[in-house]
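# Secondary and tertiary structure notes
Okay, here's what each chain looks like letter by letter:
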Amino acid sequence: MSNTPAPGSQHRHLPVRFQALDGWRGVCALLIVCFHAPVAGIVHTSPFFRHAFLFVDFFFVLSGFVITHAFYKRLANERDFGRFFVARLFRVYPLHLFMLALFVAFECLLLVTRGPGAAFQAGATPVELVHNLLMTQALGFLDTLSWNYPSWSISAELVAYALFGLVVVVRPRLLVPLAALVIPLGLAAILRMDGTIDTTFHLGWLRCLVGFSLGSLIRRRLWTGRMNGQLPGASLAWTAAELSAVAMVGMFVAELGSSVLALGAPFVFGYALYVFAHEGGHVSRLLTSRPIAFLGTVSYSIYMTHAFILSRAENVATVLQNRFGDAFFSHAADGKRLIGANDAQALLALGIIVAGTLAMSALTYRFIEAPGIDLGRRLAERRTRASGRREQAPA
């Protein structure tokens, strides 16, 4: 999910960013919000939204592509794993820590107002808190999602960052063959052990590694760069390719998201990524428009803040239900309470949730995420300067 390189971290000969892919990431982050939102209506009944958990796999493929693009040459030349990993850690950890603190603060409020039986229960225990602080919640140590539950994927991405950095620093030429090996072996292990691509706290790290490896392979072996100029009609051809990629993703998610064939999600998203990385068609231009560009900029904040917003929305829903009964609610087949007794109420609730998430994300990006990126960059540069001074010191 958090694959935008830190400012100033790209190799100077490389493009700063893939704007259309940024837009994709923002849209996918909103789809994840819809997937988790406890509202009735289309987001609950539509197979597309019910299977929107698959868009996490797009984040993983995108991360592998962008990280390889931004850091492979620099890591291979400078062999400075510490600088790379510090920058990546501070890209994701400050916001993770901030949101975790908000969840802990709310549990403390429950402890004070309602007593021990209402706080720090399953999914929010002290042991699970330690794993979340150490970013090990996707490594198989826990038996449930916990605390700020979307953060499992960030835990998994840190594993991918570390392995990528170590391979490129030690043996850069092994990156492609190792990535090609990880993909089939990883998918086979997930199929055998979990039977579904929707593995999180158990084999989330392996799910991420499969997608990350595919993205890395696409960058190293398939993608040759944007065209400096386009032949007549090329824009229409790219637009057709982009529309076909969007249609393929939509149909795949809606029709196959609950089947074993969902294990092919990284390949479907890999094709879409390859097409949109060229930014050759009109759909790419739409994805770089200001509203969607904003979503791309704050996409990591959207991903990391929405669970807190949803939890507070459910708190408000409980208060409303206690006062008005089921006037504003319906119930799923499994008995789960859903906000919205009709489609209009459900859409209004979803709109409020999305608006609240975007507002909070704009604030966390401005005051937590961006300063964290900058701090990581400064620490990485300080480490590099210190290393240079040690190398220059007389024996």
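Summary of the structure given here. (Residues numbered from 1 in each chain as written. Predicted model: local features only at pLDDT ≥ 70, side-chain atom pairs only at ≥ 80, totals over all residues. Heavy atoms only, no water.)

Bringing the packing of aromatic side chains into the picture now. Within this structure, the stated rule accounts for 20 aromatic pairs. Measuring from centroid to centroid gives 5.8 Å for Phe 164 and Phe 212, while their planes differ by 65°, and the two rings are edge-to-face. Of the two residues, Phe 164 sits in helix H7 (residues 152-170) while Phe 212 sits in helix H9 (residues 204-222), which places them 48 residues apart along the sequence. Ring centres of Phe 324 and Phe 328 lie 5.7 Å apart, and the angle between their planes is 90°; this geometry places the pair in the edge-to-face category. For Phe 324, a relative accessible area of 45% corresponds to the partly exposed category. Phe 328 sits in the partly exposed class, given a relative accessible area of 34%. Here the aromatic residues Trp 24, Phe 48, Phe 49, Phe 55, Phe 58, Phe 269 and Phe 276 are joined through ring pairs into a cluster of three or more. Across from the ring centre of Tyr 161, 4.9 Å away, lies the NZ or CZ of Arg 88, which sits over that ring. Taking NZ or CZ as reference, Arg 220 lies 3.7 Å from the ring centre of Tyr 72, over its face. (Phe/Tyr/Trp six-rings, centres within 6.5 Å; stacked < 30°, edge-to-face > 60°. Helix = DSSP H or I, 4+ residues; strand = E, 2+ residues; numbered from the N terminus. Buried < 20%, exposed > 50% of the residue type's maximum accessible area, 1.4 Å probe, protein only. Lys NZ or Arg CZ within 6 Å of the ring centre and 35° of its normal.)

So, on to the environment of Ala 180. Assignment of secondary structure puts Ala 180 in helix H8 (residues 175-193). For Ala 180, a relative accessible area of 38% corresponds to the partly exposed category.

A grouping of Leu 97, Val 130, Leu 133 and Leu 134 is seen on the molecular surface, where their side chains present a nonpolar patch of about 350 Å² in accessible area. No other element matches the three residues that helix H6 (residues 126-134) contributes to the nonpolar patch. Structurally, Leu 133 is set in helix H6. (Patch = residues over 30% accessible without salt bridge, like charges linked within 9 Å, V, L, I, M, F, W, Y side chains within 5 Å. Areas by Shrake-Rupley, 256 points an atom, 1.4 Å probe, with all protein chains shown as cover. Salt bridge = Lys/Arg side-chain N within 4 Å of Asp/Glu carboxyl O.)

Further remarks concern unusual backbone geometry. For residues that are not glycine, phi is negative in most cases, and the peptide bond is trans in most cases. Here Met 135, not a glycine, exhibits a phi torsion of approximately 60°, which is positive. Taking the relative accessible area as the measure of exposure, Met 135 reaches 6% and is therefore buried. Positive phi, close to 50°, is recorded for Trp 147, a residue that is not glycine. Along the chain, Trp 147 turns up in the loop between H6 and H7. Trp 147 sits in the buried class, given a relative accessible area of 5%.

The next point concerns the packing of helix H1 (residues 19-36) against helix H14 (residues 299-324). Two elements in contact, H1 and H14, have axes whose closest approach is 9 Å; the angle formed by their N-to-C orientations is 15°. When the interaxial angle is binned, H1 and H14 end up roughly parallel. The way H1 lies across H14 gives a crossing that is right-handed. Across the interface between the two elements, Arg 25, Gly 26, Ala 29, Leu 30, Ile 32, Val 33 and His 36 from H1 touch Ser 299, Ile 302, Tyr 303, His 306 and Leu 310 from H14. Here the contact of H1 with H14 is built from residues that sort into seven nonpolar, four polar and one charged. (Axes fitted to C-alpha atoms, helices over the stretch in contact; angles between N-to-C directions. Parallel < 35°, antiparallel > 145°, perpendicular 65-115°, else oblique. Left-handed = near helix turned anticlockwise from the far one by under 90°. Contact = heavy atoms within 4.5 Å. Nonpolar A, V, L, I, M, F, W, Y, C, P; charged D, E, K, R; others polar.)

Residues Leu 54, Phe 55, Phe 65 and Phe 164 are the most contacted members of the largest nonpolar core, which totals 107 residues. Leave out the neighbours within four places in its chain, and Phe 65 touches Phe 18, Leu 21, Gly 215, Ser 216, Ile 218, Arg 219, Trp 223, Leu 273 and Ala 277. (Core = buried A, V, L, I, M, F, W, Y, C linked by side-chain atoms within 4.5 Å.)

With that settled, consider helix H13 (residues 290-297). All of the buried residues in H13 are Ile 292, Leu 295 and Gly 296. For H13, the arc enclosing every buried residue in end-on projection is 100°, short of the 170-degree limit, so these residues lie on one face. Set apart from the buried face of H13 by more than 90 degrees, the exposed residues are Arg 290 and Pro 291. (Arc of directions from axis to C-beta.)

A few words now on the side chain of Asn 132. Its location among the elements puts Asn 132 in helix H6. Given a relative accessible area of 0%, Asn 132 falls into the buried group. Side-chain polar atoms of Asn 132 contact the side chain of Gln 137, separated by 3.3 Å. In terms of polar contacts, Asn 132 uses its side chain to reach the side chain of Ser 146, at 2.9 Å. Ignoring sequence-local partners within four residues, the contact set of Asn 132 consists of His 96, Leu 100, Gln 137, Ser 146, Trp 147 and Ser 151. (Polar contact = N/O pair within 3.5 Å; in protein donor to acceptor, adjacent residues only side chain to side chain.)

Let's shift gears to H1. With 18 residues, H1 extends 26 Å from end C-alpha to end C-alpha; this agrees with the ideal 26 Å at 1.5 Å per step. Counting buried residues along H1, 13 of its 18 residues qualify, which places the element largely inside the surrounding structure. (Expected span 1.5 Å × (residues − 1).)

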